[in-house]
Amino acid sequence: MKVHNAEIVISAVAPKQYPETDLPEIALAGRSNVGKSSFINTLIQRKNLARTSSKPGKTQTLNFYLIEDTLHFVDVPGYGYAKVSKSERAKWGQMIETYLTQREQLKAVVSLVDLRHSPSQEDIQMYQFLKYYDLPVIVVATKADKIPRGKWNKHESVIKKALDFDKSDTFIIFSSVTKEGKEEAWQAIEKAIK
């Protein structure tokens, strides 16, 4: 998809604030410092529509981005980092869970993991949660530019094994620096919203 128009339409915390459209939605989930904002910005060819932050864990709402008037990207709060209280974290968890399990417009979830590391407990829980609710998952392994290409396969198999990866899901190696995986990511998203 060639993106010329992309804008943030609303930051929501509850279903009554979600956009009232029938447009398909793609949620983006991942640890706070996994490169979610960079992934969004790379896909939509914008420097800073999704704000990248030196303080991971900044996103505390569901951010709906309207892309080319055809779909929404929904950036969900990053997990596993933000210096917030347990009760605050439980609230986020509830908000994310409500969105992921009840939103009919949701067509797939892009689950971002860091290619350099074995998935965290939270990464694994998120993947199991998505599988449990039978949501299509696109696993995107970010920061590929930080690993020599010759080692990608090894890192990929470590991640797949830890996640108990389902072969019917899509796995993409991605770098916002080299744009590796950008086309594949769009293909997977376009397939999901058809």
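Not measured: the values here are computed from a predicted model.

Colleague: Let's hear about the sheet that holds strand E1 (residues 6-12): which residues, and what values?
Modeller: Read from one edge to the other, the open sheet built from seven strands follows the order E1-E3-E4-E2-E5-E6-E7, with strand pairing classed as mixed. Of all the strands in the sheet, just E1 and strand E7 (170-173) have a single pairing partner and so form its edges. Across the sheet, the mean angle from the axis of one strand to that of its neighbour is 25 degrees, orientation sign disregarded. When strand E5 (residues 106-114) meets strand E6 (residues 137-142), the two strands line up parallel, connected through six bridges. In the strand pairing of E6, Asp114 is matched with Thr142. The strands touched by helix H1 (residues 36-43) are strand E2 (25-30), strand E3 (62-67), strand E4 (71-75), E5 and E6; relative to E2, the strand with the most contacts, the crossing angle is about 145 degrees.

Colleague: Tell me about the packing of H1 against helix H5 (residues 182-193), residues and numbers included.
Modeller: Any two packed helices are characterised by the angle at which their axes cross and by the distance between the axes. Interhelical geometry of H1 versus H5 gives an angle of 85 degrees and a closest axis separation of 10 Å. Taken together, the axis directions place H1 and H5 in an arrangement best described as roughly perpendicular. Residues Phe39, Thr42 and Leu43 of H1 pack against Lys182, Ala185, Trp186 and Ile189 of H5. For the contact of H1 with H5, a count of residues per class yields five nonpolar, one polar and one charged.

Colleague: Residue-level account of H5, with values.
Modeller: In this model, H5 (12 residues) spans 17 Å end to end at C-alpha, consistent with the 16 Å of a helix rising 1.5 Å per residue. Taken together, the buried positions of H5 are Lys182, Ala185, Trp186, Ala188, Ile189 and Ile193. Seen along its axis, H5 keeps its buried residues to an arc of 160 degrees; they face one direction. Counted as exposed and oriented over 90 degrees from the buried face of H5: Gln187 and Lys191.

Colleague: Report on the packing of aromatic side chains, specifying residues and quantitative values.
Modeller: Enumeration over the complete set of coordinates arrives at nine aromatic pairs. Aromatic side chains Tyr18 and Tyr99 sit 5.5 Å apart centroid to centroid with 90 degrees between the ring planes, which places their arrangement in the edge-to-face category. Taken together, the residues span a long stretch of sequence, with Tyr18 in the loop between E1 and E2 and Tyr99 in helix H2 (residues 86-102) at a distance of 81 residues. For Tyr18, a relative accessible area of 8% corresponds to the buried category. A network of ring pairs unites the aromatic residues Tyr18, Phe64 and Tyr99 as a single cluster. A cation over an aromatic ring shows up here: Lys160 above the ring of Phe171, its NZ or CZ 5.0 Å from the ring centre.

Reading guide: rules and limits
Residues numbered from 1 in each chain as written. Predicted model: local features only at pLDDT ≥ 70, side-chain atom pairs only at ≥ 80, totals over all residues. Heavy atoms only, no water. Pairing = 2+ DSSP bridges. Helix = DSSP H or I, 4+ residues; strand = E, 2+ residues; numbered from the N terminus. Axes fitted to C-alpha atoms, helices over the stretch in contact; angles between N-to-C directions. Contact = heavy atoms within 4.5 Å. Parallel < 35°, antiparallel > 145°, perpendicular 65-115°, else oblique. Nonpolar A, V, L, I, M, F, W, Y, C, P; charged D, E, K, R; others polar. Expected span 1.5 Å × (residues − 1). Buried < 20%, exposed > 50% of the residue type's maximum accessible area, 1.4 Å probe, protein only. Arc of directions from axis to C-beta. Phe/Tyr/Trp six-rings, centres within 6.5 Å; stacked < 30°, edge-to-face > 60°. Lys NZ or Arg CZ within 6 Å of the ring centre and 35° of its normal.

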